[in-house]
Amino acid sequence: MRAVLRMMAVGMAGMVAVISGCKAAPHVVFVAAEDEYQSERTLGMLAEDAAAKGWETTLLTGWPDQTAADNVPGLGALAGADLVVLYMRFRVLPAEQVSEIERYLKSGKPVIGLRTSTHAFAYPAGHELAWWNGFGERVLGAPWIRHFGHDSTTEVEHAAGASGSELLAGVAPVFRVRSWLYDLEGRYPPAGARVVLVGHSCDAKGERVSGREPSAVAWTSRTPWGGRVFMTTLGHPEDFENGSFRGLMRNAMEWAVKGEGR
């Protein structure tokens, strides 16, 4: 079935892109709410991949543009979602919008997080929603700590014992991405998570940098409310042109919705 792209107004301001496939299929809501990595474009690519399967997809973005940290119209779409894919960074959404995310998470449904979603929220100290500043660690399995610089790249390889994972079907045993490595200092993700990919920091020439320890770059876990989690600290725009990374994300969407009441 050919996907149809349509635009729907949200309230009096904001637009939501909906790529409709078969109504009986899963509904995936993509939330692109950051202004560094062109997530409105790259999550749109994933939405097209999902729509090609006949899935219904909704793409939400910041309004009036991605620099607006306090507004993502249309989050009520999460009420009918089977999966949410988050690419967020330093948001200060109002309580009514956060409540839509909270309601979805507490339903036990799955979530996929990309890169800066480790630091999705940035409320000031003492704010009533400051709990959400720990979203990366509490829900996705890692906080923001540091990275190795924009002039570096990452060599990615299958984690030990993970090569048979359905998440890695069609994913090369070793591949390189533009994302500079997020250093998790060997402390994240927590015990109980399953790491599927590990990254090594490389210089501009593509050679591993001595003294920089590898870090997990993709793993699975569960939210505090039991929902499946797939998290990757990759997600530079150029990564989406890499067949292994794009395949990983398609696999992750399949994995996330499989067996979750469908």
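Rules behind the numbers
Residues numbered from 1 in each chain as written. Predicted model: local features only at pLDDT ≥ 70, side-chain atom pairs only at ≥ 80, totals over all residues. Heavy atoms only, no water. Buried < 20%, exposed > 50% of the residue type's maximum accessible area, 1.4 Å probe, protein only. Helix = DSSP H or I, 4+ residues; strand = E, 2+ residues; numbered from the N terminus. Pairing = 2+ DSSP bridges. Core = buried A, V, L, I, M, F, W, Y, C linked by side-chain atoms within 4.5 Å. Salt bridge = Lys/Arg side-chain N within 4 Å of Asp/Glu carboxyl O. Right-handed = clockwise from strand over helix to strand, strands pointing away. Phe/Tyr/Trp six-rings, centres within 6.5 Å; stacked < 30°, edge-to-face > 60°. Lys NZ or Arg CZ within 6 Å of the ring centre and 35° of its normal.

Participant: Help me out: how do you make sense of the pairing of strand β13 (residues 228–232) in this one?
Facilitator: Counting buried positions along β13 gives 5 out of 5 residues, so the element sits mostly inside the fold. Pairing analysis gives 4 bridges linking strand β6 (residues 111–114) to β13, with the strands arranged parallel. Note on β13: the bridge partner recorded for Val111 is Val229. Bridge count between strand β12 (residues 215–222) and β13: 5 bridges; the pairing is antiparallel.

Participant: Explanation requested: the nonpolar core in the structure shown.
Facilitator: The nonpolar side chains of soluble globular proteins are, as a tendency, buried together. Formed by 77 residues in total, the largest nonpolar core has its most connected members in Phe30, Val31, Ile112, Phe121 and Phe230. Here this core gets 8 residues from one element, more than from any other, and that element is helix α4 (residues 243–257).

Participant: How should I be thinking about the pattern of salt bridges in this particular structure?
Facilitator: Opposite charge on two side chains permits them to pair, given that their charged atoms come into close proximity. Inspection of every chain in the model, using the stated rule, returns 13 salt bridges. The closest approach of N and O atoms between Asp35 and Arg89, which form a salt bridge, is 3.5 Å. Of this pair, Asp35 sits in the loop between β3 (27–33) and α1 (39–52) while Arg89 sits in the loop between β5 (83–88) and α2 (95–106), and the two are 54 residues apart along the sequence. Of the residues examined, Arg89 reaches a relative accessible area of 21% and is grouped as partly exposed. The salt bridge partner of Arg250 is Asp49, with a shortest N-O separation of 3.5 Å. Within this pair, whereas Arg250 is found in helix α4, its partner Asp49 is found in helix α1, the two being separated by 201 residues in sequence. You can call Arg250 partly exposed: its relative accessible area is 31%. Note on Asp49: relative accessible area 14%, which makes it buried.

Participant: Would you explain the pairing of β6 in this entry?
Facilitator: If a strand is regular, its side chains alternate between the two faces of the sheet. Taking every second residue as pointing to the same face, both faces of β6 are buried, with Val111 and Gly113 on one and Ile112 and Leu114 on the other. What joins β5 to β6 is α2, and the crossover it makes is right-handed.

Participant: I would appreciate a short explanation of the packing of aromatic side chains in the present structure.
Facilitator: Remark: the centre distance and the inter-plane angle together describe each pair of aromatic rings, the angle taken between the planes. If you walk through the whole model with that rule in mind, you get 9 aromatic pairs. For the pair Trp144 and Tyr182, a centre-to-centre distance of 5.1 Å together with 70° between the ring planes defines the contact as edge-to-face. One end of the pair, Trp144, is in the loop between α3 (135–140) and β7 (146–147); the other, Tyr182, is in strand β10 (residues 182–183), with 38 residues separating them in the sequence. We classify Trp144 as partly exposed; its relative accessible area is 33%. When its relative accessible area of 3% is taken as the criterion, Tyr182 is described as buried. Each residue in the set Phe121, Tyr123, Trp131, Trp132 and Phe135 is aromatic and connected to the rest through ring pairs, giving one cluster. The ring of Trp55 carries Lys53 above its face, with NZ or CZ at 5.9 Å from the centroid. In this arrangement the basic side chain of Arg228 is found over the ring face of Trp255, its NZ or CZ atom lying 4.8 Å from the centre.

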